[in-house]
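# Chains, contacts and geometry: an overview
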Amino acid sequence: MKNQHGFPSNFLWGGAMAASQCEGAWDQDGKGMILAEIDHNSGDYQGLAFPLRDQAYLEHFKNDKETDFPKRRGIDFYHTYREDLALLKEAGFRCFRTSIDWARIFPHGDDEQPNMLGVTFYDDLLAEIRAKGMEPVITISHYELPADLVERTGGWKSREFNEAFIRFAQFAIERWHDQVRYWVVINQINLAELLPFETLGLWESEGQNFWQEYYQAIHHQLVACARVKQFAKAYPDCKIGTMNADMSAYPKTPHPDDVIAAMKHNRMNYFYTDVAFRGHYPGYMLRYFEENEIHLDIREGELQLLDENRMDFFGISYYFTLCKDHTCTLRQESTVDNPYLEKTKWGWAIDPKGFYYCLSQYYDRYEIPIFVLENGLGCHDTVENGEIHDDYRIHYLKEHIREMKNAVLDGVEILGYCMWSPLDIVSASSSQMSKRDGLIYVDLDDRGAGSGRRIKKDSFDWYRQVIASNGENLEEE
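Residues numbered from 1 in each chain as written. Predicted model: local features only at pLDDT ≥ 70, side-chain atom pairs only at ≥ 80, totals over all residues. Heavy atoms only, no water.

### So, the overall build of the chain
Inclusion rule: Labels follow the DSSP assignment, with helices taken as runs of H or I lasting at least four residues and strands as runs of E lasting at least two, numbered in each case from the N terminus. C-alpha atoms define the radius of gyration, and 2.2 Å times the number of residues to the power 0.38 defines the globule rule. Accessibility here uses a 1.4 Å probe with only protein chains present; expressed as a share of the type maximum, an area under 20% marks a residue as buried, one over 50% as exposed, and anything in between as partly exposed.
Summing up its helical and strand segments, the chain has 16 helices and 12 strands in all. Whereas a compact globule of 477 residues would reach a radius of gyration of roughly 23 Å, the chain reaches 21 Å, a difference of no more than 12%. Projecting the C-alpha coordinates of the chain onto the three principal axes gives extents of approximately 60 × 55 × 50 Å. The proportion of buried residues among the 477 residues of the chain is 61%.

Structure below.
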């Protein structure tokens, strides 16, 4: 036996973005609309006539050309990807994670033939990533649900929608299997509880049937992951993964009721990956379904499919931890403040040790290779004489990478680390540009005004030295 004393030599250092937040060009070259492209800037929600994202919301805004929808423009990565990837090569990136916009390939979600202009774009993008010396890590679905298909079928709760997704996923793998080794089927599958419209295409509702529809849609996603894995067996070099956003919770006190509240919360988040890696529905979820009168339509052969097609690796995003006490429900948004942790301006607890905690818990539970697919800090950055001095971001990333190394020293198998995100992009949660995560500043404001110029922040040079030293040199200059 030999203990790991540092990051392995083939460790994949890089960064991650999403098509829905960076590409723009929302109505060019035959692309169809996705749900993300009717997301407003968070400051615009006040006074809107549609408090819930439901069918009326979609019908009203899909043809709206006047309201500002930041994700329609992104950072124009569709046209600037060559220059942007050159910057990532300069930083020494070994991998780059992005996604394929479903509606750029199949504009209505289930078109008979793919849109070849969209296909050619991804042909060129993947070739460019590899030409710059980076391993592409591709997410098949990252908040890019075709609006037309959702409107016609009701989203993931529908088997018709499921079949259309499988066709898209199989097309992508068949087309690009020789370019892409690591595939993530669905981004942050457990975040659907907080983002049911964006991730599942479910209408937001307070009705009794919501959780029935929710878990039916999740079942379809879990089966879709297994079907993609089954299809990809024809391409042995392809590794198929699932992904959770870590939502680990601590008990607020040692009181047994608080400890049990945190345990039950964590277990509800493990549910998605328990199915993906253990191949069956766990008993605690069967009890939950029974007690809440949730009756899944599980077709013949689907449970066997889940058992026989378990995922190859576990992708996680990590930003914060939560805290629970006995007053909290099982829902992810039901939390209490942790008095020991500072928060970002967007209310996210800053907890590097929680990163070590979640990596350890997941690996102890599954002993499956982990790929860190997102970790970063959203802040307001200030340009001073053409420079951005973001020591706060350097400190955040340094402390998290240090804790990730602690997990590696414990024997946790980690394939790579993708910080979020290499360039400033439109925020998924708030649709703001002012919530900046990047190593590279993009001169655009929340309304899209600005030159679009790319400016390297201090964190860019710091991360370059981290990669060059394979994670050994974390010091701030």
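Additional details are given in the paragraphs that follow.
### Notes on the packing of aromatic side chains
Quick note on the threshold: Aromatic pairing here means that ring centres of Phe, Tyr or Trp (its six-membered ring) are within 6.5 Å. Orientation follows from the plane angle: under 30 degrees is stacked, over 60 is edge-to-face, and everything else is tilted.
Per the counting criterion, the structure on display carries 47 aromatic pairs. With a centroid separation of 6.0 Å and an interplanar angle of 65°, the aromatic rings of Trp13 and Tyr417 are classed as edge-to-face. With a gap of 404 residues between them, Trp13 in strand E1 (residues 12-16) and Tyr417 in strand E10 (residues 414-420) connect regions that are remote in the sequence. Ring centres 5.1 Å apart and planes at 50° place the aromatic pair Phe277 and Tyr366 in the tilted group. Linking Phe277 in helix H11 (residues 256-278) with Tyr366 in helix H14 (residues 352-366), this pair joins segments that are 89 residues apart in sequence.

### Structural notes on the sheet that holds strand E9 (residues 370-374)
Formally: When DSSP finds two or more bridges between two strands, those strands count as paired. Orientation is described by lines fitted to C-alpha atoms, with helices fitted over the stretch in contact, and by angles between N-to-C directions that extend from 0 to 180 degrees. Whether two residues touch is decided by their heavy atoms; if any such pair falls within 4.5 Å, the residues are in contact.
In spatial order, the strands read E1-E2-E3-E4-E5-E7-E9-E10; together these eight strands close into a barrel with parallel pairing. Taken pair by pair, the neighbouring strands of this sheet meet at an average axis angle of 25°, ignoring direction. Pairing between strand E7 (residues 313-317) and E9: four bridges, direction parallel. Across the sheet, Phe314 pairs through a bridge with Ile370, a residue of E9. Along the sheet, helix H8 (residues 159-176) contacts strand E3 (135-141), strand E4 (182-186) and strand E5 (239-245); its crossing angle with E3, the most-contacted strand, is approximately 165°. H11 rests against E5 and E7 of the sheet, and its axis sits at about 170° to E5.

### Some thoughts on the side chain of Glu23
Here is the rule: Here a polar contact means two N or O atoms within 3.5 Å. Within protein one must be a hydrogen donor candidate and the other an acceptor candidate, and residues neighboring in sequence count only if both atoms are side-chain atoms.
Structurally, the position occupied by Glu23 is in the loop between helix H1 (19-22) and helix H2 (55-61). Classification of Glu23 by relative accessible area gives buried; the value is 1%. Separated by 2.9 Å, the side chains of Glu23 and Arg104 make a polar contact. With near-sequence residues (within four places) excluded, Glu23 lies in contact with Arg73, Asp76, Phe77, Tyr78, Ser99, Asp101, Arg104, Phe121 and Tyr122.

### A short note on the nonpolar core
Note on soluble globular proteins: their nonpolar side chains tend to be buried together. To keep it simple, the criterion reads: We call a set of buried Ala, Val, Leu, Ile, Met, Phe, Trp, Tyr and Cys residues a nonpolar core when their side-chain atoms join them within 4.5 Å.
Counting 157 residues, the largest nonpolar core has Trp176, Trp183, Met404, Tyr417 and Tyr463 as its most contacted members. If one sorts the elements of this core by residue count, helix H10 (residues 210-232) sits on top with 12 residues. Excluding anything up to four places from it in sequence, Met404 contacts Phe7, Phe11, Trp13, Phe355, Leu359, Val372, Ile414 and Tyr417.

### Remarks on the environment of Asp76
With respect to the helices and strands, Asp76 occurs in the loop between helix H3 (70-73) and helix H4 (77-90). On a C-alpha basis, the gap between Asp76 and Gly24 in space is 4.9 Å, while along the polypeptide they are 52 residues apart. Polar side-chain contacts of Asp76 include one of 2.7 Å to the side chain of His79.

### Re the pattern of salt bridges
Applicable threshold: Criterion for a salt bridge: a side-chain nitrogen of Lys or Arg within 4 Å of a carboxyl oxygen of Asp or Glu.
Under the definition given, this model contains 38 salt bridges. Two residues, Lys157 and Glu213, come together in a salt bridge whose shortest N-O distance is 3.3 Å. Note that Lys157 is positioned in the loop between helix H7 (147-153) and H8 and Glu213 in helix H10, a separation of 56 residues in sequence. Relative accessible area serves as the criterion here: at 28%, Lys157 is assigned to the partly exposed category. Its salt-bridge partner being Lys229, residue Asp312 comes within 3.0 Å of it at the nearest N-O pair. Of the two residues, Asp312 is situated in the loop between helix H13 (302-308) and E7 and Lys229 in helix H10; the sequence distance between them amounts to 83 residues. One salt-bridge network, in which partners are shared between bridges, spans Asp381, Asp390, Arg393, Asp424, Arg436 and Lys457.

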